[in-house]
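Residue strings, one per chain:
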Amino acid sequence: MSDKLLDISIRHTLQTAHGILPMEVSLRAEKGSIVAITGPSGAGKTTLLRQIAGLVIPDFGHIKFGNVIWQNTDNKIFQSPQLRNIGFVFQDYALFPHLSVRENLLFALKKGDNEDIVDELLTSVELTQLADRKPHQLSGGQQQRVALARALVRKPDLLLLDEPLSSLDHRMRLHLQEYLLKLQKYLGFTMLIVTHDLGEIFRMANQVFVLENGKISKQGSPSEVYLPENENNDQLAIYGEVLSCTIMDDHLIISALIQQSVRKIKLPLHWHSEMLPGRSFVLRYSMDIPQIELIS
Ligand SMILES: Nc1ncnc2c1ncn2[C@@H]1O[C@H](COP(=O)(O)OP(=O)(O)OP(=O)(O)O)[C@@H](O)[C@H]1O
């Protein structure tokens, strides 16, 4: 088996507000890959991450990480969450309320490990000034950054992130996406990230799994999932109408009406003659055109 391949094949019964929903997921992620898990609310995304972390036991199936079996219901193998070298950030952040920011990070450190990593992480998530504050003295976005830093303290083999950047403003989201990408390259961990943000998926993920009603409905690279060859598939494009257009830092910033909401898009400057107020447009969202960015 390949080194540290994450190999999951599970079945589980989800207890939803509308009754029972069978969940059935098979997923493989190579070491060092970044996998986005997306899909509608209630599809089972958080449950899947909790199963991988060992916090929910699936009814049937296995979860393997390289040669180590974390879970196998056939022969009742179960490795506790503490033994899986996983960092996770869940939606509730789960910070210790009585500990300061720094103490929350120190608590996650292995005995005997160098404490320098705590200061490095605090700097990276721009929280050095707030290191002595308690979680309740922080904003939601700041708590999210503490949770992210804490998840990285032990240099995990696998990082599980449940909408980890959702409470952050655009600048901080981009900053942390870049930081995570850099850190991932350096440390080589595998990352599973639950996100609804198309920009985040294209910027970060090698693979996307779309989970709907407990099952994977689509999978592939971001381009394969969102930009299929079929021209008639309306998922491949963003339709909109230009409201206004300004030039900023050698880019065109378009305010546009997209699916009944006002969004901002950053485009290469040479598009200025096309994107005039009042015009409709179809934008292909693609890794091949990295200058195109959906800002908000
Ligand atoms: N341990 C569990 N066992 C069975 N069912 C569960 C369990 N945990 C959650 N559920 C139910 O499974 C469904 C899916 O929940 P889950 O939180 O995994 O969805 P999600 O895709 O992450 O949604 P969201 O995007 O809103 O966070 C919900 O109806 C939930 O009540």
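Residues numbered from 1 in each chain as written. Predicted model: local features only at pLDDT ≥ 70, side-chain atom pairs only at ≥ 80, totals over all residues.

If you look the chain up in an unreviewed UniProt entry, it shows as ABC transporter ATP-binding protein from Dyadobacter subterraneus.

## Considering the overall build of the chain
Stated precisely, the cut-off is as follows: Starting at the N terminus, helices and strands are each numbered in turn, a helix being any DSSP run of H or I of at least four residues and a strand any DSSP run of E of at least two. Residue burial is a threshold on neighbouring C-beta atoms within 10 Å of the residue's own C-beta, all placed from the backbone, with 20 or more meaning buried, 12 or fewer meaning exposed, and counts in between meaning partly exposed. Each residue gets a C-beta atom placed from its backbone, and two residues are in contact if those atoms lie within 7 Å.
The secondary structure content of the chain amounts to seven helices and 16 strands. Looking at the chain as a whole, 31% of its 296 residues are labelled buried. Put simply, 63% of the contacts in the chain that link residues at least 6 apart link residues at least 24 apart.

## Quick notes on the site of the ligand
Which entries qualify depends on this criterion: As a rule, any residue with its backbone-derived C-beta atom within 6 Å of a molecule or strand is reported as near that molecule or strand. Under the grouping applied here, Gly and all other residues not named as nonpolar or charged are polar, the nonpolar ones being Ala, Val, Leu, Ile, Met, Phe, Trp, Tyr, Cys and Pro and the charged ones Asp, Glu, Lys and Arg.
Every residue close to the ligand is listed here: Leu14, Gln15, Thr16, Ser41, Gly42, Ala43, Gly44, Lys45, Thr46, Thr47 and Val56. The set of elements that each furnish at least two residues to the shell around the ligand consists of β1 (6-16) and α1 (45-53). When its residues are assigned to classes, the shell around the ligand shows three nonpolar, seven polar and one charged.

## Let's talk about helix α4 (residues 140-152)
Formally: The length a helix should cover is 1.5 Å for every residue beyond the first.
For α4, with 13 residues, the first-to-last C-alpha span of 19 Å sits near the 18 Å given by 1.5 Å per residue. Counting buried positions over the 13 residues of α4 gives 11, a clear majority of the element. Among all positions of α4, only Gln142, Gln143, Gln144, Arg145, Val146, Ala147, Leu148, Ala149, Arg150, Ala151 and Leu152 are buried. At its buried positions, α4 is contacted by β7 (86-89), α2 (101-108), α3 (116-124), β8 (158-162) and α5 (170-187).

## Some remarks on the domain arrangement of the chain
One frequently used descriptor of interface size is the decrease in accessible area upon assembly of the parts. Operational definition: Either an automatic procedure or a domain database provided the assignment from which the domain bounds are taken.
Domains assigned within the chain are domain 1 (6-226) and domain 2 (237-294). Put simply, the middle of domain 1 and the middle of domain 2, counted by C-alpha atoms, are 32 Å apart.

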